[in-house]
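Observations on the three-dimensional arrangement
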Amino acid sequence: MPDIDLRTFDLNLLKALDVLDRERNVTEAAKRLGIGQPAMSHALARLRHLFNDKLFVRSGTGMVPTARAMELIEPLRAALTQIDATFLAQAAPDPRASTRRLKIGMTDVIASAVTSRLSKALADHAPQASLAVINADRTNAPAMLDRGELDLAIGLFPEVPAWHEKRKLFDEDFVCVFDPRVIRASSPITLEEFAAHQHVLVTLRGDERGFADAALETANLTRQIAITTSFFLLAGELVHRLPVIATLPRHFAENSIYSKSMELSELPFPSPKMTISMVWHRRNEGNALSIMLRNLLVKTFF
């Protein structure tokens, strides 16, 4: 590789390499950077000359990185993140004067537990800022954070990329929810009562079994699933309207619009537990508004 004169080196080439690795397509990379395809192709040619390697080669599904490109991308991406954080820290705004729209990605079930409490805290610390709640989960939130479409994501994130940061907000488990006006049961519900009634099962993958069925089988019991749905909000409404039982996340059930008319009971068997965390891109590590938002969430849930 030729010697690099940092006084004349174009840092935009590193950004081009980063975006090429994410898109694996010259045309799409050009669109993302807001430049023409010829300019993107020229940037790739300069990178190839600079590193004396093809860096990306064509395949049946697009472009794939060479071994040299794979060695380069993570250190260069970390460097870009640090550069972004440095400039953001220098231009840190006063949170109370900010009119920014803070974009947070989460599912509806997490949003129901988080949004109202966060909005109240935000009104005290950044009264001119607004909040945008965007549908996102662990399948798409990391890419949205990378593209700058989210300031923060909240949810179940067992693993995150090396250039993201994560902090726990709260532990989540499940409770049994029913309407005592139509279900003959009381809290805490017994295993026999739980099995005796029809159920609405929330399943994101269309399964007809949940963790409760395995627990019932150990006691030689079964339950009848009357309705399956992928919508937690619908499950809450169905419990409110029909003689059915639902097993729902505790924070969602406690904050449901139907919570006042529903009975929340501990399950008659051990509940799975999940850790709900907030995740953000390292480029926002030193940003004053992002720091304030993260601190508000920690204070709200700890």
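What you are looking at is a predicted structure, and each value in this text was computed from that prediction instead of being measured. (Residues numbered from 1 in each chain as written. Predicted model: local features only at pLDDT ≥ 70, side-chain atom pairs only at ≥ 80, totals over all residues. Heavy atoms only, no water.)

Across the sheet, which stays open at both edges, the 5 strands sit in the order E9-E8-E10-E7-E11 with mixed pairing between neighbours. Edge strands, defined here as strands with exactly one partner in the open sheet, are strand E9 (224–229) and strand E11 (263–265). Averaged over all pairs of adjacent strands, the angle between their axes in this sheet comes to 30°, without regard to strand direction. Of the pairings in the sheet, the one linking strand E7 (residues 174–178) to strand E10 (residues 244–249) comprises 4 bridges and is antiparallel in character. Paired with cysteine 176 across the bridge in E10 is threonine 247. Packing against the sheet, helix H9 (residues 232–241) makes contact with E7, strand E8 (198–202), E9 and E10, and its axis sits at approximately 145° to E10. (Pairing = 2+ DSSP bridges. Helix = DSSP H or I, 4+ residues; strand = E, 2+ residues; numbered from the N terminus. Axes fitted to C-alpha atoms, helices over the stretch in contact; angles between N-to-C directions. Contact = heavy atoms within 4.5 Å.)

We now examine the packing of helix H2 (residues 26–33) against helix H3 (residues 37–51). How two helices pack is summed up by the angle between their axes together with the distance between the axes. Look at H2 against H3: their axes get within 8 Å of each other, and the N-to-C directions meet at 105°. What the angle tells us is that H2 and H3 run roughly perpendicular. Contact residues: H2 offers Val26, Thr27, Ala29, Ala30 and Leu33, while H3 offers Gln37, Met40, Ser41 and Leu44. In terms of residue class, the contact of H2 with H3 is made up of 6 nonpolar, 3 polar and no charged. (Parallel < 35°, antiparallel > 145°, perpendicular 65-115°, else oblique. Nonpolar A, V, L, I, M, F, W, Y, C, P; charged D, E, K, R; others polar.)

What follows deals with the nonpolar core. One finds Val114, Leu152, Ile154, Leu248, Met278 and Leu297 to be the most contacted residues of the largest nonpolar core, which totals 41 residues. Not counting residues within four places of it along the chain, the set of residues in contact with leucine 297 comprises Val114, Leu118, Leu152, Ile154, Leu169 and Met278. (Core = buried A, V, L, I, M, F, W, Y, C linked by side-chain atoms within 4.5 Å. Buried < 20%, exposed > 50% of the residue type's maximum accessible area, 1.4 Å probe, protein only.)

What follows is about helix H5 (residues 108–125). Taking 1.5 Å as the rise per residue, H5 with 18 residues should run 26 Å; its terminal C-alpha atoms sit 25 Å apart, in good agreement. In H5, a bend of some 40° at valine 114 exceeds every other bend along the element. Regarding H5, the residues found buried are Val109, Ile110, Ala111, Ser112, Ala113, Val114, Leu118, Ala121 and Leu122. (Expected span 1.5 Å × (residues − 1). Bend = angle between axes of the 7 residues up to and from the residue.)

This brings us to the packing of helix H1 (residues 12–23) against H3. For the pair H1 and H3, interaxial distance at closest approach is 10 Å and the crossing angle is 105°. By the angle between their axes, H1 is roughly perpendicular relative to H3. For the pair H1 and H3, the contacting residues are Leu13, Ala16, Leu17 and Leu20 in the first and Met40, Ala43, Leu44, Arg46 and Leu47 in the second.

Turning our eyes to something else, we now look at the sheet that holds strand E3 (residues 101–106). If you walk across this open sheet you meet the 5 strands as E4-E3-E5-E12-E6, and the pairing is mixed. Taken across any chain shown, the strands that pair with only one partner, and hence form the sheet edges, are strand E4 (130–135) and strand E6 (164–172). Geometrically, the sheet is characterised by an average inter-axis angle of 25° between neighbouring strands, direction not taken into account. As judged from the 2 bridges shared by E3 and strand E5 (residues 152–155), these two strands associate in the parallel manner. Opposite glycine 105, over in E5, you have alanine 153 as the bridge partner. Along the sheet, H5 contacts E3, E4, E5, E6 and strand E12 (274–281); its crossing angle with E3, the most-contacted strand, is approximately 155°. On the sheet, helix H11 (residues 288–301) packs against E3, E5, E6 and E12 and is oriented at approximately 20° with respect to E6.

Let us look at the pattern of salt bridges. Scanning all chains against the criterion turns up 18 salt bridges. Here glutamate 28 ties to lysine 31 by a salt bridge, and the two come within 3.5 Å at their closest N and O atoms. With glutamate 28 and lysine 31 both in helix H2 and 3 residues apart, the pair spans about one turn of that helix. Here arginine 282 makes a salt bridge to glutamate 165, at a shortest N to O gap of 2.8 Å. One end of the pair, arginine 282, is in the loop between E12 and H11; the other, glutamate 165, is in strand E6, and 117 residues separate them in sequence. Residue glutamate 165 is classed as partly exposed on the basis of its relative accessible area, which comes to 25%. Via salt bridges that share partners, Lys15, Asp18, Arg22 and Asp146 belong to a single interconnected network. (Salt bridge = Lys/Arg side-chain N within 4 Å of Asp/Glu carboxyl O.)

The values reported here are purely geometric and, on their own, carry no functional implication.
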